[in-house]
Structure formats: structure tokens, C-alpha cells
Amino acid sequence: FAAVMMFVLACPVTVLAAAEEEAGTPAVYATFWSLIPPVVAIVLALITKEVYSSLFLGILVGALLYSGGNFEGTVNHIFSGGMISVLSSGSNVGILVFLVILGTMVCLMNRAGGSAAFGRWAGKHIKTRVGAQLATIVLGILIFIDDYFNCLTVGSVMRPITDKHNVSRAKLAYLIDATAAPVCIIAPISSWAAAVTGFVKGEDGFSIFMRAIPYNYYALLTILAMVLIVVLKIDYGPMKLHEDNAVKGDIYTTPDRPYANAENEIVEEKGKVIDLVFPIVVLIIFCICGWSWQRRVCWNYLHRF
């Protein structure tokens, strides 16, 4: 895959990608063939377990259909009409910067020893597998600012605790993923609330978002289902296999064994729980202040018209 990418990038035809694409409607527009690219990407991802290469091949198929099989048009559409236009979008670049900053913050909290200190504190108070899983859910609910930050923080903090109580990595991943988005999409102060509010033009998007919370059945039922699954110890399908193996000591089951060598990482023993809590609290406070100020500015702007 890397060799193919290098060939495409080095191909002289790529120089032509800077030219502006001619406006026009492709022959496959609004037809069955327009569904082929996402199907190819999804199927290849399920088969190969390689997301990036599958997505790129899906893009390649879509560009081929768009250009009618023309090589120059395909390369032009992938780079000029696709990657370059996406990376030149201010909102997309903002998301990339946002994710990098969140990752940096989590890394600094780990280096400061905050995550390890919380793990030591939780290890003294959490005595059961059910308690470790419930603590994961509770921490996921408390970090409601953003789903990406939720996953990064909860995964980093709770992994040592769930490992200690023989909770499978698959179950930990499920609890983190099933908490992050549902909590954020019903939290009045979150990146999701800000995004959804901005989509409603000429209306008070925030009040609409608040009124819609009781009808967000996916988020509410997912959180409820997680608690019931953990408390009642309900596991089925592949998850049951992972959990049965975890009880016997194998928390991975999968052959790649993610973070199998994590115990070899350097851990700061002088850290305190405040090193984890303080940055998160500061982030939440400043996010609330920033979103309140932005909402006030937008509301005043709308009332001018």
C-alpha cells in the first residue's frame, strides 16, 4: 500500500492536480454506483482490519467513478478536489488541531503521574470487576466536554484498573466508546451541543437542543444498557468469549495483544490525583466560559437582523 501511495505521489501527472476541475455532473450521480465506494471501504476494513488503506481504496474507487475511469481526472479529483480541499477547510483544520491538543494534554497528565496516581487511589477503593467497570462508566459520564477527550482520558486512566481486575480489553473499549458519544450528545455543555446549535439558522439552537434531550433515546438507552449489562453481568456473543478468557487471566483474546508491554512504560510515582483532576476541571471551566461567550455573541448577531 505504501509503495502504491509513493508511486501516485511521485507520478508526473500529479502536477496536473493543481488545475481546477471542470464543473459537471458525473454519470454515476444519484445512481446505485454511487454507493460502491463506501461499500468497498467498509468491506475491506472488515476483512483486512486496516482502516486507513481501506478508506483510501474507497476514495480511489469513488474518484474512478467520478472521472469515468480517466487516470488524470482520478488523480486530480483525489488530491485537488479531495485532500487539498478538505485540508484547506478552516473547520477541518480546527478539528485536527483540537485533537492534537487533546492528545498532548492527556500525554502531559500521564507524564505528570496524574493517571497513575488516580489508578493507585482507585485500586484502594475498587475491589471487584463490577466496581471497575462502573467506575469506567462514571468517569466517562463526568468527562462530558468532548467524546474524543473522553476516550483518550478514560482509556488512559482506567486501563490499569480494569487490567488488575481481569476485565477484558474488548469490554473496556466497549464501555469507553458506549459512554463517550451518548454522554456528549445529551450534555448541554459539550462540543456536540455547540455543533448542533450552530446548525440551526435563525433560531435558538440551544433551547432546541435542550428540548430534544428527552427524545434522544439512543443516548439514554445506551447508558442505561451499559449499567444493566455490568451490574447483571450480562455478556453474550464475542464479548462473552473475551470476558470468559479475561476471568481466566487472558484479557486480550485477540492475537495483536494491544498494550501487552504497557507495564514497561516509565511511570511517574510522585504524581498526585490533583495532577489529573486540575487540568480537566480547568478545561471544563474554560470551555463553559468560551461557549457561553460565543453563544451570547451569536445570539446578539442574530437579533440584528
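The coordinates are above.
Source: prediction; values computed, not measured.

Here is what the cut-offs are and how they apply
- Residues numbered from 1 in each chain as written.
- Predicted model: local features only at pLDDT ≥ 70, side-chain atom pairs only at ≥ 80, totals over all residues.
- Heavy atoms only, no water.
- Helix = DSSP H or I, 4+ residues; strand = E, 2+ residues; numbered from the N terminus.
- Buried < 20%, exposed > 50% of the residue type's maximum accessible area, 1.4 Å probe, protein only.
- Contact = heavy atoms within 4.5 Å.
- Phe/Tyr/Trp six-rings, centres within 6.5 Å; stacked < 30°, edge-to-face > 60°.
- Salt bridge = Lys/Arg side-chain N within 4 Å of Asp/Glu carboxyl O.
- Axes fitted to C-alpha atoms, helices over the stretch in contact; angles between N-to-C directions.
- Parallel < 35°, antiparallel > 145°, perpendicular 65-115°, else oblique.
- Nonpolar A, V, L, I, M, F, W, Y, C, P; charged D, E, K, R; others polar.
- Expected span 1.5 Å × (residues − 1).
- Bend = angle between axes of the 7 residues up to and from the residue.
- Polar contact = N/O pair within 3.5 Å; in protein donor to acceptor, adjacent residues only side chain to side chain.

What to know about unusual backbone geometry
With the exception of glycine, most residues fall at negative phi, and the peptide bonds are largely trans. Although it is not a glycine, Asn166 adopts a positive phi angle of roughly 55°. Note on placement: Asn166 falls in the loop between α8 (147-164) and α9 (169-184). A relative accessible area of 28% places Asn166 in the partly exposed class.

Some words on the side chain of Ser156
Within the element layout of this structure, Ser156 appears in helix α8. Looking at Ser156, the relative accessible area reads 17%, which means it is buried. Once residues within four sequence positions are removed from consideration, Ser156 is found in contact with Val106, Asn110 and Ser115.

Here we look at the packing of aromatic side chains
Counted under the stated rule, the structure contains two aromatic pairs. A centroid spacing of 6.1 Å and a plane angle of 70° characterise the contact between Phe32 and Trp33, whose relative ring orientation is edge-to-face. Judged by relative accessible area, Phe32 falls into the exposed class, the value being 58%. Consider the rings of Phe118 and Trp121, whose centres lie 5.7 Å apart with planes at 40°: the pair is tilted. Linking Phe118 with Trp121, this pair stays in helix α6 (residues 114-125), spanning three residues, or about one helical turn. The exposure class assigned to Phe118 is buried, which follows from its relative accessible area of 15%.

Comments concerning the environment of Val43
Along the chain, Val43 falls in helix α2 (residues 36-48). Between the alpha carbons of Val43 and Gly58 there is a distance of 9.8 Å; along the sequence they are 15 residues apart.

Overview of the pattern of salt bridges
Side-chain pairs of opposite charge can arise where the charged atoms are in close proximity. All chains considered together, the criterion is met by five salt bridges. For Lys171, the salt bridge identified is with Glu243, shortest N-O distance 3.8 Å. A residue pair is termed long-range when its members are at least 10 positions apart, and Lys171 in helix α9 and Glu243 in helix α13 (residues 238-247) qualify at 72 residues. Of the two residues, Lys171 and Glu243, both sit in the buried class.

So, the packing of α9 against α13
Put simply, α9 and α13 touch, their axes get as near as 8 Å, and they point 125° apart. In this view, α9 runs oblique relative to α13, as classed from their interaxial angle. Residues Ala170, Lys171 and Tyr174 of α9 form the contact with α13, whose own contacting residues are Met239, His242 and Glu243. Of the residues in the contact of α9 with α13, the class split is three nonpolar, one polar and two charged.

A look at helix α4 (residues 71-87)
With 17 residues, α4 ought to run about 24 Å at 1.5 Å a step, and its terminal C-alpha atoms sit 23 Å apart, in line with that. Along α4, the largest kink reaches about 30° and is centred on His77. Listed as buried for α4 are Gly73, Thr74, Val75, Asn76, Ile78, Phe79 and Ser80. For α4, the side-chain oxygen to backbone nitrogen distance between the N-cap and Glu72 is 3.1 Å, and the N-cap itself is Asn70.

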